[in-house]
Amino acid sequence: ATAAARAAAFPPVLAEGLYLLGDLRSESGDTAAADEALREALDVALAAHQQRTAARAAARLVFVIGAQAARPKEGHQWARTAEALLTALGGDAEVRGWLLAGDAAVLIAEGRYQDAEARMQEAVTLRRRALGPEHPAVAGSLLTMANTLFYQGRYAEAIQQYQAAQVLWEQQHGPDHPYVGICLD
């Protein structure tokens, strides 16, 4: 997709393709490739005046750099960049939800569980409102919230969140999907 977008020389499509490539590389665990694709997506999006794509790329870099690459200081810098882009955009609940979830992951990596919990509570609320209560991103947020509660020793609350995430993932993917297994682990 990115090769076709490059050949067509249409920057908005290229920026979106690079964002999706970075997201997929992050999900597959290839942090360096995700970083590269997302930074290029941000640059191309800014040059093409695609502020939402730029904000999405910056928000995703919060997680990729701050949590996956274990560079929390840089992750927090990307959070500030994403916030600035969101402000310039006039706000976007969906992108802000991704930003908050990424920032929470960085805070978890730093052992700042109460701060992470507050971010995740806001992320869950925004994602439910922007994407709907049964969206996969809501299930992911509930899982992160459960982990945050677990790390604080609040096991009964964590179990409730794990179960809520499990129900959503079973509805979306069936009982044998690996995401369901994460909740049961």
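Scroll up for the structure.
Values in this document were obtained by computation on a predicted structure and should not be read as measured data.

A. Examining the pattern of salt bridges more closely. What the rule picks out here adds up to 15 salt bridges. Linking Arg71 and Asp35 is a salt bridge whose minimum nitrogen-to-oxygen distance equals 3.9 Å. Separated by 36 residues along the polypeptide, Arg71 in the loop between α4 (51-68) and α5 (72-89) and Asp35 in helix α3 (residues 31-47) bring together distant segments of the chain. Salt bridges linked by common partners bring Asp35, Arg39, Arg71 and Glu74 together as one network.

B. Quick peek at the packing of aromatic side chains. Under the definition given, this model contains four aromatic pairs. On the basis of an interplanar angle of 65 degrees and a centroid distance of 5.2 Å, the ring pair of Phe150 and Tyr155 is categorised as edge-to-face. By relative accessible area, which is 47% here, Tyr155 ends up partly exposed. Judged by centre distance (5.0 Å) and plane angle (40 degrees), the ring pair of Trp169 and Tyr179 falls under tilted. Within this pair, whereas Trp169 is found in helix α9 (residues 155-173), its partner Tyr179 is found in helix α10 (residues 178-184), the two being separated by 10 residues in sequence. We classify Tyr179 as partly exposed; its relative accessible area is 33%. An aromatic cluster is built from Tyr113, Phe150, Tyr151 and Tyr155, whose rings are joined through pairwise contacts.

C. Spotlight on the packing of helix α2 (residues 11-27) against α3. The interhelical angle for the contact between α2 and α3, taken along N-to-C directions, is 160 degrees, at an axis separation of 8 Å. Our classification of the angle between α2 and α3 gives roughly antiparallel. As for the relative orientation of α2 and α3, their crossing is left-handed in sense. Within the contact between the two elements, α2 uses Pro11, Leu14, Ala15, Leu18, Tyr19, Leu21, Gly22, Asp23, Arg25 and Ser26 and α3 uses Ala33, Ala34, Ala37, Leu38, Glu40, Ala41, Val44 and Ala45. In terms of residue class, the contact of α2 with α3 is built from 13 nonpolar, two polar and three charged.

D. A look at a nonpolar patch on the surface. On the surface, a nonpolar cluster with roughly 330 Å² of combined accessible area is contributed by Phe150, Tyr151 and Tyr155. Within the element layout of this structure, Phe150 appears in helix α8 (residues 136-151).

E. Local environment of α9. A rise of 1.5 Å per residue sets the reference length of α9, with its 19 residues, at 27 Å; its end C-alpha atoms lie 26 Å apart and thus fit the reference within 8%. Among the residues making up α9, those that are buried are Ala158, Tyr162, Ala165, Gln166, Leu168 and Trp169. As for α9, its buried residues are in contact with α8 and α10. Looking at the residues trailing α9, positive phi occurs at Gly174, about 95 degrees.

What counts and how
- Residues numbered from 1 in each chain as written.
- Predicted model: local features only at pLDDT ≥ 70, side-chain atom pairs only at ≥ 80, totals over all residues.
- Heavy atoms only, no water.
- Salt bridge = Lys/Arg side-chain N within 4 Å of Asp/Glu carboxyl O.
- Helix = DSSP H or I, 4+ residues; strand = E, 2+ residues; numbered from the N terminus.
- Phe/Tyr/Trp six-rings, centres within 6.5 Å; stacked < 30°, edge-to-face > 60°.
- Buried < 20%, exposed > 50% of the residue type's maximum accessible area, 1.4 Å probe, protein only.
- Axes fitted to C-alpha atoms, helices over the stretch in contact; angles between N-to-C directions.
- Parallel < 35°, antiparallel > 145°, perpendicular 65-115°, else oblique.
- Left-handed = near helix turned anticlockwise from the far one by under 90°.
- Contact = heavy atoms within 4.5 Å.
- Nonpolar A, V, L, I, M, F, W, Y, C, P; charged D, E, K, R; others polar.
- Patch = residues over 30% accessible without salt bridge, like charges linked within 9 Å, V, L, I, M, F, W, Y side chains within 5 Å.
- Areas by Shrake-Rupley, 256 points an atom, 1.4 Å probe, with all protein chains shown as cover.
- Expected span 1.5 Å × (residues − 1).

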